[in-house]
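# Descriptive analysis of the structure
Here is how the chains run, residue by residue.
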Amino acid sequence: VRTVGGTVTHELGIIRGVGATLTSEQVRRLGETCGDCRLHEDRPARLMGKPGVVIPDSDFPTLIGADELHEDEILGTGVTIAIVDSGFWPVNPLTKAPGGSMRLLAQYDAFTDTLITRKWVDDDDYGHGTHIAAMAAASSVSSTGRFHGVAPGVNLVSVKAFDEIGGSTYATVIQAIDWVVQNKDTYGIRILNASFGAPVASFYWEDPINQAVMAAWQAGIVVVASAGNTGPDPMTIQVPANVPYVISVGAMTDNYTPADGADDFLASFTATGPTYEAHVKPDLVAPGGHILAYEQATDWLGRNFPQYFVTEELFRLSGTSQATAVVSGVAALILQAKPWLEPDDVKCALLASANPAIDPTGQAAYSVFQQGWGLVD
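### A word on the overall build of the protein
Helix and strand content of the protein: 11 helices and 17 strands. For the protein, the C-alpha radius of gyration of 20 Å lies close to 21 Å, the compact-globule estimate for 377 residues. In terms of its C-alpha atoms, the protein occupies a principal-axis envelope of roughly 65 × 50 × 45 Å. Across the 377 residues of the protein, 56% fall into the buried class. When the 21 positive and 42 negative side-chain charges of the protein are each reduced to one mean point, those points stand 7 Å apart.

This is the structure we're talking about:
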């Protein structure tokens, strides 16, 4: 890059590459001189949550049976989720586990290559990252005595890679994933929540973000990725959910009746498979409609959609982003109970235990969950 006069902007060792700023002439010269290297445009990536209508609360931890594990003290304790998103709002239910112990281990900003390990900062200008963290991990308790988060005892690492309007680029996202892999042992990171996506523009193995999440998986990190909000047409699965062996998640809704599973249905926005390489995706679905979780009135989502606040701090969002956070929380519960499991094992456990679209007698059990292995349980 430097030989042709370009500027290196990102060191991306996880994919044996760099991000760079180049003129069209420099791109041409680099393509002629760099041998068998590949050149990719630094394309945009987006977060996969959107404001939802104000309707009765979806009690998602109960809907998937997480509350039963909570009663047995399976809370995700000792497991760390790295959330690659728009940042973090350090409100007590997110920074502290049940009992008050501090569980936010670090905040890393991929835009500035800055690490904070104490004296937490509010760096979520968009609001999406806070909502995702709350769904996966909030330690606050509802009026019925149930935890608001799927894994309220889990440790958190916040990795800011998306800006104040929920946007980013390939280079920034890859740098964020690279940091997670490099620091997995320092913070005990077992799960990477990827509630973001980008349109497919190549074979899955050629895509640079996919190469990064594949490296994370191979390093022993469970990668949970949102299918995308680009459905319902076939072949709309986004990057990195189109990687065959990461856990890709679609969204369902309880139809505003959480006690009645018979009327649940797939959210219309959920991206569907198969992938271009003919893999069945997403792998499973999880609650992702009208989800209530923490949000600030001063961030972008709060300022632009104040009608979706139910209280001063609780806000409704829908999306495969939210469904992904649910599955990340379930993965943390699994890893507390069975910490020796590898990513492949965790994926097998999630798929094998999902409520199937067809039951063993051949009758439709959840006829609407015609994606992957069914509803996470």
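### Some thoughts on the packing of helix 5 (residues 128–137) against helix 10 (residues 320–337)
Relative orientation of the contacting elements helix 5 and helix 10 amounts to 40°, with a least axis distance of 8 Å. As helix 5 packs across helix 10, the resulting crossing turns out to be right-handed. Contacts from His128, His131, Ile132, Met135 and Ala136 of helix 5 reach helix 10 at Ser321, Gln322, Ala325, Val326 and Gly329.

### Quick word on the pattern of salt bridges
In total, this model carries eight salt bridges according to the counting rule given. Note that Arg28 is salt-bridged to Glu32, the shortest N-O span being 2.7 Å. With Arg28 and Glu32 both in helix 1 (residues 24–33), this residue pair falls four residues apart, about one helical turn. Looking at Arg28, the relative accessible area reads 41%, which means it is partly exposed. Salt-bridge contacts for Asp67 lead to Arg146; the nearest nitrogen and oxygen are separated by 3.4 Å. Here Arg146 lies in the loop between helix 5 and strand 8 (155–160) and Asp67 lies in helix 3 (residues 66–71), a separation of 79 residues in the sequence.

### Description of the state of the cysteines
On inspection of all chains with the given rule, the structure shows one disulfide. In this model, Cys34 is linked to Cys37 through a disulfide, with the two sulfur atoms separated by 1.8 Å. An S-S torsion of about -90° defines the bridge between Cys34 and Cys37 as left-handed. Under the relative-accessibility criterion, Cys37 is labelled partly exposed at 36%.

### Some points on the environment of Ile14
Tracing the backbone shows Ile14 in the loop between strand 1 (7–12) and strand 2 (17–21). Under the relative-accessibility criterion, Ile14 is labelled buried at 14%. Counting along the chain gives 201 residues from Ile14 to Ala215, while the straight-line C-alpha distance between them is 6.9 Å. In contact with Ile14, other than residues within four places in its own chain, are Ile174, Ile177, Asp178, Val181, Ala212 and Ala215.

### Some details on the environment of Asp163
Position of Asp163 relative to the elements: it lies in the loop between strand 8 and strand 9 (167–169). Placed 116 residues apart in sequence, Asp163 and Leu47 show a C-alpha to C-alpha distance of 9.9 Å. The residues contacting Asp163, other than those within four sequence positions of it, are Ser86, Phe111 and Tyr126. Among the polar contacts listed, one links the side chain of Asp163 to the backbone nitrogen of Ile165, at a separation of 3.0 Å. A polar contact is formed between the side chain of Asp163 and the backbone nitrogen of Gly167, at a distance of 2.8 Å.

### Quick notes on the packing of aromatic side chains
Across all of its chains, the model carries eight aromatic pairs by this definition. Relative to Trp205, the ring of Phe203 has its centre 4.7 Å away and its plane inclined at 5°; by these criteria the two rings are stacked. Taking relative accessible area as the criterion, Phe203 reaches 46% and is therefore assigned partly exposed. Among the residues examined, Trp205 registers a relative accessible area of 43% and is labelled partly exposed. With a centroid separation of 5.1 Å and 85° between ring planes, the pair formed by Tyr204 and Trp205 is classed as edge-to-face. When its relative accessible area of 15% is taken as the criterion, Tyr204 is described as buried. By way of ring pairs, the aromatic residues Tyr108, Trp179 and Tyr187 are connected into one cluster.

### A closer look at the confidence of the model for the protein
Detailed reading of predicted coordinates is not advised where the pLDDT is low. The predicted model of the protein has a mean per-residue pLDDT of 88, with 90% of residues at 70 or higher. Here residues 53–57 is a poorly scored stretch, pLDDT under 50, and it has 14 contacts once near neighbours within four places are set aside; other chains count.

### Some details on a negative patch on the surface
Residues Glu68, Glu71, Asp72, Glu73 and Asp377 make up a contiguous surface patch of negative charge. With respect to the helices and strands, the residue Glu71 is situated in helix 3. Overall, the relative accessible area of 63% leaves Glu71 in the exposed class.

### Structural notes on the pairing of strand 1
In this structure, strand 1 lies alongside strand 2, joined through five bridges in antiparallel fashion. By the bridge assignment for strand 2, Leu12 is matched with Gly17. Following strand 1, the chain reverses through four residues before pairing antiparallel with strand 2; Arg16 in that reversal takes a positive phi of roughly 55°.

### Observations concerning unusual backbone geometry
Looking along the chain, the bond that leaves Gly231 and enters Pro232 is cis, with omega of 5°. Inspection of the secondary structure puts Pro232 in the loop between strand 12 (222–226) and strand 13 (247–253). Look at the link from Lys281 to Pro282: it is a cis peptide, with omega at -5°. As for its placement among the helices and strands, Pro282 is situated in the loop between strand 14 (265–266) and strand 15 (284–287). Even without being a glycine, Asp113 presents a positive backbone phi close to 55°. Here Asp113 falls in the exposed class, since its relative accessible area comes to 53%. The phi angle at Lys119 is positive, at roughly 55°, despite the residue not being glycine. Looking at the element boundaries, Lys119 is found in the loop between strand 7 (114–116) and helix 5. On the accessibility criterion, Lys119 (76% relative accessible area) is exposed.

About the criteria used
Residues numbered from 1 in each chain as written. Predicted model: local features only at pLDDT ≥ 70, side-chain atom pairs only at ≥ 80, totals over all residues. Heavy atoms only, no water. Helix = DSSP H or I, 4+ residues; strand = E, 2+ residues; numbered from the N terminus. Rg over C-alpha atoms; globule rule 2.2 N^0.38 Å. Buried < 20%, exposed > 50% of the residue type's maximum accessible area, 1.4 Å probe, protein only. Lys, Arg positive; Asp, Glu negative; His and termini not counted. Charge placed at Lys NZ, Arg CZ, Asp CG, Glu CD. Axes fitted to C-alpha atoms, helices over the stretch in contact; angles between N-to-C directions. Left-handed = near helix turned anticlockwise from the far one by under 90°. Contact = heavy atoms within 4.5 Å. Salt bridge = Lys/Arg side-chain N within 4 Å of Asp/Glu carboxyl O. Disulfide = S-S within 2.5 Å. Polar contact = N/O pair within 3.5 Å; in protein donor to acceptor, adjacent residues only side chain to side chain. Phe/Tyr/Trp six-rings, centres within 6.5 Å; stacked < 30°, edge-to-face > 60°. pLDDT = per-residue confidence, 0-100. Patch = residues over 30% accessible without salt bridge, like charges linked within 9 Å, V, L, I, M, F, W, Y side chains within 5 Å. Areas by Shrake-Rupley, 256 points an atom, 1.4 Å probe, with all protein chains shown as cover. Pairing = 2+ DSSP bridges.

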